[in-house]
Amino acid sequence: MTLNYIWIGFIIIAFVVALCKLIFMGDTAVFSDLVMSTFDSAKLGFEISIGLTGILSLWLGLMKIGEKAGLVGMFARFASPVFSKLFPELPKDHPATGSIFMNFSANMLGLDNAATPIGLKAMQQLQDLNADKDRASNSMIMFLCINASGLTIVPITIMMYRAQMGAANPADVFLPILLTTFVATLVAIIAVCIMQKINMFQRNLLLFFGGMIIFIAGLMLLFRSMSKEQVELYSTLFANILLFSIICTFLAFGLFRKINVYETFIEGAKDGFMTAIRIIPYLVAIFLAIGVFRASGAMDMFLDGVRALVQAVGLNTDFVEALPTMIMKPLSGSSSRGMMLDAMNTYGADSFVGRLACIAQGSVDTTFYVVAVYFGSVAIRNTRYTVPCALLADLAGAIAAIFTAYIFF
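Keep in mind that what you see is a predicted model, and the values were worked out from it rather than measured. Every chain is numbered independently, its residues counted from 1 as its sequence is written. Only residues with pLDDT of at least 70 get local features here, since the model is predicted, and only at 80 or more are side-chain atom pairs given and counted; chain-wide, interface and lining totals rely on the full set of residues. Note that water and hydrogens are dropped before the side-chain values are worked out from all heavy atoms of the structure.

**Observations concerning the overall build of the protein**
So, step 1. From N to C terminus, the protein includes 18 helices and 0 strands.
So, step 2. We compute the radius of gyration over the C-alpha atoms and compare it with the globule rule, which gives 2.2 Å times the number of residues raised to the power 0.38. Taking 409 residues into account, the globule formula puts the C-alpha radius of gyration at 22 Å, and the protein, at 22 Å, falls close to it.
So, step 3. Its C-alpha atoms put the protein at 70 × 50 × 40 Å along the principal axes.
So, step 4. Remark: exposure states derive from per-residue accessible area (1.4 Å probe, protein chains only) relative to the maximum for the residue type, with buried under 20%, exposed over 50%, and partly exposed in between. Relative to its 409 residues, the protein shows a buried fraction of 53%.
So, step 5. Should any heavy atoms of two residues lie within 4.5 Å, those residues are considered in contact. If you take every contact in the protein between residues at least 6 apart in sequence, the share linking residues at least 24 apart comes to 79%.
So, step 6. Positive residues here are Lys and Arg, negative ones are Asp and Glu, while His and the chain termini are left out of the count. By convention, the charge on Lys lies at NZ, on Arg at CZ, on Asp at CG and on Glu at CD. Distance between charge centres in the protein, computed from 26 positive and 25 negative side chains, equals 10 Å. Secondary structure elements follow DSSP: runs of H or I no shorter than four residues count as helices, runs of E no shorter than two count as strands, and numbering proceeds from the N terminus.

Structure representation (structure tokens):
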């Protein structure tokens, strides 16, 4: 499946829904809303790209230092036992392995500003190994799907928003998010392994996933023993210390290896600037499709249909009000965040709906944004089965979020 079909599909659905509203409901403002959404979407895509310019320049500059100093290669050797199984096409100790490892680590710690630039660097390195420059390689697909599943151990941002909205215990969604995001990531890896015929029962993979389960269980026990103030304090402090330590480590390693740190940083920063420019058209395109789909009312119609279906089979419909956050999460991070805040504002931060919206927001990443930015940075047009596998992980995350919300709250 390519982005071409997805993009056209969203626009066609939006047009059909808008036309029906005009003909059958006399809604003369619907096409005006569609036109305004195209302008707003184009502006949003450009603003996000420009906003990424400084961050990309910073982190790709540091990555260039890490490459020349040999630090990225050290990360590659550390991750090799597991990544050689998940990414069998990657040559042993290739720099892309180190970049992928650092990207995953930053995502798990909620360091989004660091994760995206490092991830884009990894995509460029994977593209260098790609024989067909227009078609996503197996390694790219695995990398993108794990990214889109959004494995996060410390959901600092979600806890911050809950505190701002007056939650009695902003950290009470920590454990549900941890469980949910782990399920989504596991489903993403399994789905891609099936498509790529990778044996999931290899010793290194079993040890890795078993270790992850033990680590998450231990982390859950640790955080359950802390007060909400301690959870917020230590989570934020640890993430900030780690982030600045990474910067200092890269600079120190560069000095130790006697490379020109300043010139090397400038060289990498130039790459960051050019990467930010390259992704502008891709972001504008994907936000255009999402914007018109939302403005047409297609999203509202879908939710009404789900609510009626759930009621018809006699199930509890409490979770339906949180569906906008779940549905918008793969499409637009800012929109899903707005819907999460709206849910907490409407129903209360400590309501079932408010908490479920937070779990859904913190458990997976923005699939179409990730696909557009990462593949757009290397001009990949044929994404193959990336989107279906990533959306399957999103669906698993949404279902897990609903179940954990019912169990915990």
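**With respect to the packing of aromatic side chains**
So, step 1. Ring pairs shown here join Phe, Tyr and Trp side chains whose ring centres sit within 6.5 Å, with only the six-membered ring taken for Trp; geometry is labelled stacked below 30 degrees between planes, edge-to-face above 60, and tilted in between. Per the counting criterion, the structure on display carries 10 aromatic pairs.
So, step 2. Seen in terms of ring centroids, Phe 83 and Phe 87 are 5.5 Å apart; in terms of plane orientation they differ by 65°. Their pairing is edge-to-face. Across this residue pair, the class does not change: Phe 83 and Phe 87 are buried.
So, step 3. Between Phe 143 and Tyr 374, the ring centres sit 5.9 Å apart and the planes meet at 45°, which makes this aromatic pair tilted. Residue Phe 143 is located in helix 6 (residues 138–149), and its partner Tyr 374 is located in helix 17 (residues 367–377); the two are separated by 231 residues in the primary sequence.
So, step 4. A network of ring pairs unites the aromatic residues Phe 83, Phe 87, Phe 104, Phe 143 and Tyr 374 as a single cluster.

**What about the nonpolar core?**
So, step 1. Put simply, buried Ala, Val, Leu, Ile, Met, Phe, Trp, Tyr and Cys residues joined by side-chain atoms within 4.5 Å make one nonpolar core. Membership of the largest hydrophobic core comes to 72 residues, with the highest contact counts inside it found for Phe 87, Ile 100, Met 123 and Phe 143.
So, step 2. Ranked by size, the runner-up nonpolar core spans 28 residues in total, among them Tyr 161, Ala 167, Ala 322 and Ala 401.

**Description of helix 8 (residues 174–196)**
So, step 1. Taking 1.5 Å of rise per residue, the 23 residues of helix 8 would be expected to cover 33 Å, and the 33 Å separating its terminal C-alpha atoms lies within 8% of that figure.
So, step 2. Note on helix 8: the residue one or two positions beyond its end, Lys 197, has a positive phi of about 60°. To estimate the expected span of a helix, subtract one from its residue number and multiply by 1.5 Å.

**Remarks on helix 4 (residues 95–108)**
So, step 1. Relative to the 20 Å expected for 14 residues at 1.5 Å per residue, helix 4 spans 20 Å between its end C-alpha atoms, a close match to the ideal helical length.
So, step 2. When you tally the buried positions in helix 4, you get 12 out of 14 residues, the bulk of the element.
So, step 3. Turning to helix 4, its buried residues number three or more, namely Ala 96, Thr 97, Gly 98, Ser 99, Ile 100, Phe 101, Met 102, Asn 103, Phe 104, Ala 106, Asn 107 and Met 108.

**Observations regarding the packing of helix 8 against helix 18 (residues 386–408)**
So, step 1. Running from N to C, helix 8 and helix 18 cross one another at 150°; their axes reach a closest spacing of 8 Å. Considering their axes alone, helix 8 and helix 18 lie roughly antiparallel with respect to each other. Relative to helix 18, the crossing made by helix 8 is right-handed. Residues Leu 175, Pro 176, Leu 179, Thr 180, Val 183, Ala 184, Val 187, Ala 188, Ala 191, Val 192 and Met 195 of helix 8 pack against Cys 389, Leu 392, Ala 393, Ala 396, Gly 397, Ala 400, Ala 401, Thr 404 and Phe 408 of helix 18.
So, step 2. Note that Gly is not counted as nonpolar here; it falls among the polar residues with everything else outside the nonpolar set of Ala, Val, Leu, Ile, Met, Phe, Trp, Tyr, Cys and Pro and the charged set of Asp, Glu, Lys and Arg. A per-class count over the contact of helix 8 with helix 18 returns 17 nonpolar, 3 polar and no charged. Axis definition: a line fitted to C-alpha atoms, over the contacting stretch in the case of helices. Angles run 0 to 180 degrees between N-to-C directions. Orientation is classified from the angle alone, with under 35 degrees giving roughly parallel, over 145 giving roughly antiparallel, 65 to 115 giving roughly perpendicular, and any other angle giving oblique. Take the far helix as the reference: if the near one is turned anticlockwise from it by less than a right angle, the crossing is left-handed, and if turned clockwise, right-handed.

**A look at the packing of helix 6 against helix 17**
So, step 1. Closest axis-to-axis distance for the helix 6/helix 17 pair is 9 Å, and the angle between their directions is 145°. Judged by the twist between their axes, the crossing of helix 6 over helix 17 is right-handed. Residues Met 140, Phe 143, Leu 144, Asn 147 and Ala 148 of helix 6 form the contact with helix 17, whose own contacting residues are Thr 367, Val 370, Val 371, Tyr 374 and Phe 375.

**Points about the pattern of salt bridges**
So, step 1. Throughout this description, the term salt bridge denotes a Lys or Arg side-chain nitrogen within 4 Å of a carboxyl oxygen of Asp or Glu. Scanning the model with the defined rule gives 6 salt bridges in all.
So, step 2. Where Asp 134 meets Arg 381, a salt bridge forms, and the shortest distance between an N and an O atom there is 3.4 Å. One end of the pair, Asp 134, is in the loop between helix 5 (112–129) and helix 6; the other, Arg 381, is in the loop between helix 17 and helix 18, with 247 residues separating them in the sequence.
So, step 3. Note on Arg 381: relative accessible area 54%, which makes it exposed.
So, step 4. Salt bridges here are not isolated pairs; linked through shared partners, they connect Arg 162, Asp 350 and Arg 355.

**Quick notes on the side chain of Asp 394**
So, step 1. Position of Asp 394 among the secondary structure elements: in helix 18.
So, step 2. Lys 329 provides the closest opposite charge to the buried, salt-bridge-free Asp 394, at an N-O distance of 8.6 Å.
So, step 3. In contact with Asp 394, not counting residues within four places along its chain, are Ala 148, Pro 330, Val 364, Asp 365 and Thr 367.

**Looking at a nonpolar patch on the surface**
So, step 1. Taken together, the side chains of Ile 8, Ile 12, Phe 15, Val 16, Leu 19, Leu 22, Ile 23, Phe 24 and Met 25 make up a nonpolar region of the molecular surface, amounting to roughly 900 Å² of accessible area.
So, step 2. Within the secondary structure, Leu 19 sits in helix 1 (residues 3–25). Residues with no salt bridge and a relative accessible area higher than 30% make up the patches, which join like charges within 9 Å and nonpolar side chains (Val, Leu, Ile, Met, Phe, Trp, Tyr) within 5 Å. Surface accessibility in these figures is a Shrake-Rupley result with a 1.4 Å probe; residues are shielded only by whichever protein chains are displayed.

**As for the environment of Gly 98**
So, step 1. Looking at where Gly 98 falls in the secondary structure, it is placed in helix 4.
So, step 2. Note: C-alpha distance between Gly 98 and Phe 75 (23 residues apart in sequence) is 4.5 Å.

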